[in-house]
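# Residue-level structural notes
Next come the chains, spelled out residue by residue.
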Amino acid sequence: MKVALINPSWEYRNSIYFGCRAPHLPLELGYSRALLEAAGHEVLMLDGQIQGLSIVDIATRVRDFGPAMTVVTTAPTYLFWRCAPPELRVPQLMLIALGDAAGMTVAVGPHGSATPAPVLRKLGVDIVVRGECEDVIAALADSPARRDIPGISYINASGEVQSIGAAAATRFTDTPALAWPADWLLRHDHHHHRFDTPPVGPGAEVEASRGCPYACTFCAKIDFRDRYRKRDLDVLLQEIDGLIAQGVTYLYFIDEIFLPRPDLLLALKDRNIQFGIQTRIDLWKPELLDLLGAAGCVSIEAGVESLTVEGRALLAKKCKLDTDELSALLIYARRSVPFVQANLIRAEENEMPLVAEWRAQLHERGVWANDPVPLFPYPSSPEYRRLWGMPDDKAWERALDYYLSQFTSFSDIQEEQPLPLSALERA
Ligand code: SF4
């Protein structure tokens with residue numbers, strides 16, 4: 001079968017999206033392509049951002065290719081599934097532009113994973129994949145008429161939304177080593193979350209693990225990338241060595257939580273590569289932080305979220321250290337890692353003087369702590385379910401309206417006034 005895999009060209013005008021806007025490798029499409037090609041399918045993979053293609057450019061190339069199935073993602077790569085733009089504006093425009101050139105249409109991403117019914121209607125696609133999508137896409141390509149594949153949702157002949165099984169989760173441990181087109185890597189000059197030096201040479205995103213054993217209230221991963229799994233080291237190193245051979249100088253591990261893994265760190269130490277991670281600092285011992293720096297880590301983003309034990313407990317962080325111990329580890333990490341960031345979430349106003357003081361103290365010791373950002377209650381987060389129960393057809397509208405009503409100022413990245421979904425999406 002001919003399959004088109006599309007990461008559209010994103011734009012975030014009037015969106016609350018606070019993730020990075022630079023291009024990143026669409027890992028979910030990369031895995032899908034590897035599985036599809038291994039099964040003998042012909043794949044056209046397009047990335048609007050990396051390839052500099054507009055929606056019209058992509059639609060033209062897809063039409064020329066003539067696929068029997070087209071997959072469109074609703075978030076800009078797995079890295080941002082947990083903080084996706086709430087609106088489906090760009091995927092809507094992409095599918096309209098594709099029209100009848102797409103063949104069977106499939107949407108993948110965090111939106112349909114949480115709320116398949118409104119995504120089926122808003123996008124007009126044939127199938128929505130709930131959860132991690134690569135295995136499901138491969139199964140659909142093998143048997144496009146099948147409507148019993150776990151993880152899919154579709155509108156049946158009676159006009160009702162039919163969902164099969166639970167959200168999909170791949171085994172992941174043995175996901176194949178990815179190889180990216182040389183021109184994609186050459187254009188990928190972004191070094192994600194790196195601030196110690198301007199980027200020199202291509203960057204790339206990789207995955208050493210998927211999911212996380214914790215369940216912080218604000219973390220939107222219940223419907224995808226939830227269970228913690230480690231990727232086999234030999235496969236991961238094969239991918240990393242291939243990237244190094246293609247000239248990549250910096251890796252960003254998109255892992256929800258990059259846990260201490262001495263075998264991987266020792267292997268990276270032997271290689272000429274630098275990298276960034278997101279993690280929890282409370283899970284690292286000083287000697288492992290030394291090894292992390294020696295392995296080439298130049299950027300740590302660590303979720304601290306709140307500066308009080310009670311605040312962290314309210315967020316279900318299950319953090320066993322107190323704030324002084326967390327601070328000490330962050331400062332220790334900074335000895336060998338040139339950029340260390342502590343993430344904070346906007347909490348009670350009366351915590352703000354404490355936050356300002358703590359940020360100043362850490363800055364003096366070379367550790368960056370962000371201006372606390374407001375919490376967006378994503379439908380796949382425990383916080384959403386605490387507030388309103390299981391997500392329904394209006395979950396994304398409800399979460400965004402709530403967010404807009406809670407906060408009058410927004411994070412640094414949100415330059416324009418965010419608007420509700422009714423103003424961002426087509427009816
Ligand atoms: S530790 Fe990080 S990835 Fe894990 S649940 Fe908490 S916020 Fe999410």
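The text that follows walks through the structure, step by step, so that each part is easy to find. Everything numeric in this text was worked out from a predicted model, so none of it was measured.

### Comments concerning the overall build of the protein chain
Helices and strands together make up the secondary structure of the protein chain, namely 17 helices and 15 strands. The globule rule puts the C-alpha radius of gyration for 427 residues at 22 Å, and the 21 Å found for the protein chain is close to it. Its C-alpha atoms give the protein chain principal-axis dimensions of about 60 × 50 × 35 Å. Within the protein chain, contacts between residues at least 6 apart in sequence are counted, and of these 71% link residues at least 24 apart. The averaged location of the 56 negative side-chain charges in the protein chain is 2 Å from the averaged location of its 42 positive side-chain charges.

### Describing the site of the ligand
Every residue lining the ligand is accounted for by Arg 82, Cys 212, Tyr 214, Ala 215, Cys 216, Phe 218, Cys 219, Lys 221, Glu 256 and Arg 280. For the shell around the ligand, a count of residues per class yields 6 nonpolar, no polar and 4 charged.

### Let's talk about the side chain of Arg 312
The topology assignment puts Arg 312 in helix H12 (residues 309-314). Buried charge Arg 312 goes without a salt bridge, the closest partner of opposite sign being Asp 322 at 6.1 Å. A distance of 2.8 Å separates a polar atom in the side chain of Arg 312 from the backbone oxygen of Ser 306. Look past the residues within four positions of Arg 312 in its chain and what remains in contact with it is Val 304, Ser 306, Leu 307, Lys 317, Cys 319, Leu 321, Asp 322, Thr 323 and Leu 326.

### Focus on the nonpolar core
Nonpolar side chains in soluble globular proteins generally cluster together in the buried interior. Counting residues in hydrophobic clusters, the biggest one holds 129 residues, and the most contacted among them are Leu 251, Phe 253, Phe 275, Leu 292 and Leu 330. It is helix H13 (residues 323-336) that provides the largest number of residues to this core, a total of 6 residues. Leaving out residues up to four positions away in the same chain, Leu 251 has contacts with Ala 204, Val 206, Ile 240, Leu 243, Ile 273, Gln 274, Phe 275 and Gly 276. Core analysis: the second largest hydrophobic core is formed by 6 residues, Cys 216, Cys 219, Ile 345 and Leu 375 among them.

### Observations regarding the environment of Arg 21
As for its position among the elements, Arg 21 is in the loop between strand S1 (2-7) and helix H1 (27-38). Classification of Arg 21 as partly exposed rests on a relative accessible area of 30%. Between the C-alpha atoms of Arg 21 and Tyr 402, which are 381 residues apart in sequence, the distance is 24 Å.

### A look at the pattern of salt bridges
What the rule picks out here adds up to 27 salt bridges. For Arg 89, the salt bridge is made with Glu 11, and the minimal N-O distance between the two is 3.6 Å. You can see Arg 89 sitting in helix H4 (residues 89-98) and its partner Glu 11 sitting in the loop between S1 and H1, a full 78 residues away along the chain. Exposure remark for Arg 89: the relative accessible area of 8% places this residue in the buried category. With its nearest N and O atoms 3.8 Å apart, the salt bridge here joins Asp 371 to Arg 359. Here Arg 359 lies in helix H14 (residues 352-364) and Asp 371 lies in the loop between strand S15 (368-369) and helix H15 (382-388), a separation of 12 residues in the sequence.

### A closer look at the packing of H1 against helix H7 (residues 134-142)
Taken N-terminus to C-terminus, the directions of H1 and H7 make an angle of 40 degrees; their axes are 8 Å apart at the nearest point. Judged on the interaxial angle alone, H7 and H1 are oblique. Between H1 and H7 lies a crossing whose hand is right-handed. Of the residues in H7, those in contact with Glu 28, Tyr 31, Ser 32, Leu 35 and Leu 36 of H1 are Glu 134, Asp 135, Ile 137, Ala 138 and Ala 141.

### Description of the sheet that holds strand S3 (residues 69-73)
Within a sheet, each strand pairs with its neighbour through backbone hydrogen bonds, oriented either parallel or antiparallel. Strand order in this open sheet of 7 strands is S2-S1-S3-S4-S5-S6-S7, and the pairing throughout is mixed. Whereas interior strands pair on both sides, the edge strands pair on one side only; in this sheet they are strand S2 (42-47) and strand S7 (161-163). Sheet twist, expressed as the average angle between the axes of neighbouring strands with direction ignored, equals 20 degrees. Both S3 and strand S4 (residues 104-108) contribute to a ladder of 5 bridges, which runs parallel. Opposite Val 72, over in S4, you have Ala 107 as the bridge partner. Packed onto the sheet, H1 meets S1, S2 and S3 and runs at close to 170 degrees relative to S1. Together, S4, strand S5 (127-129), strand S6 (152-155) and S7 form the strand contacts of helix H6 (residues 116-123), whose direction differs from that of S6 by roughly 55 degrees.

Cut-offs and rules
- Residues numbered from 1 in each chain as written.
- Predicted model: local features only at pLDDT ≥ 70, side-chain atom pairs only at ≥ 80, totals over all residues.
- Heavy atoms only, no water.
- Helix = DSSP H or I, 4+ residues; strand = E, 2+ residues; numbered from the N terminus.
- Rg over C-alpha atoms; globule rule 2.2 N^0.38 Å.
- Contact = heavy atoms within 4.5 Å.
- Lys, Arg positive; Asp, Glu negative; His and termini not counted.
- Charge placed at Lys NZ, Arg CZ, Asp CG, Glu CD.
- Near = heavy atom within 4 Å.
- Nonpolar A, V, L, I, M, F, W, Y, C, P; charged D, E, K, R; others polar.
- Buried < 20%, exposed > 50% of the residue type's maximum accessible area, 1.4 Å probe, protein only.
- Salt bridge = Lys/Arg side-chain N within 4 Å of Asp/Glu carboxyl O.
- Polar contact = N/O pair within 3.5 Å; in protein donor to acceptor, adjacent residues only side chain to side chain.
- Core = buried A, V, L, I, M, F, W, Y, C linked by side-chain atoms within 4.5 Å.
- Axes fitted to C-alpha atoms, helices over the stretch in contact; angles between N-to-C directions.
- Parallel < 35°, antiparallel > 145°, perpendicular 65-115°, else oblique.
- Left-handed = near helix turned anticlockwise from the far one by under 90°.
- Pairing = 2+ DSSP bridges.

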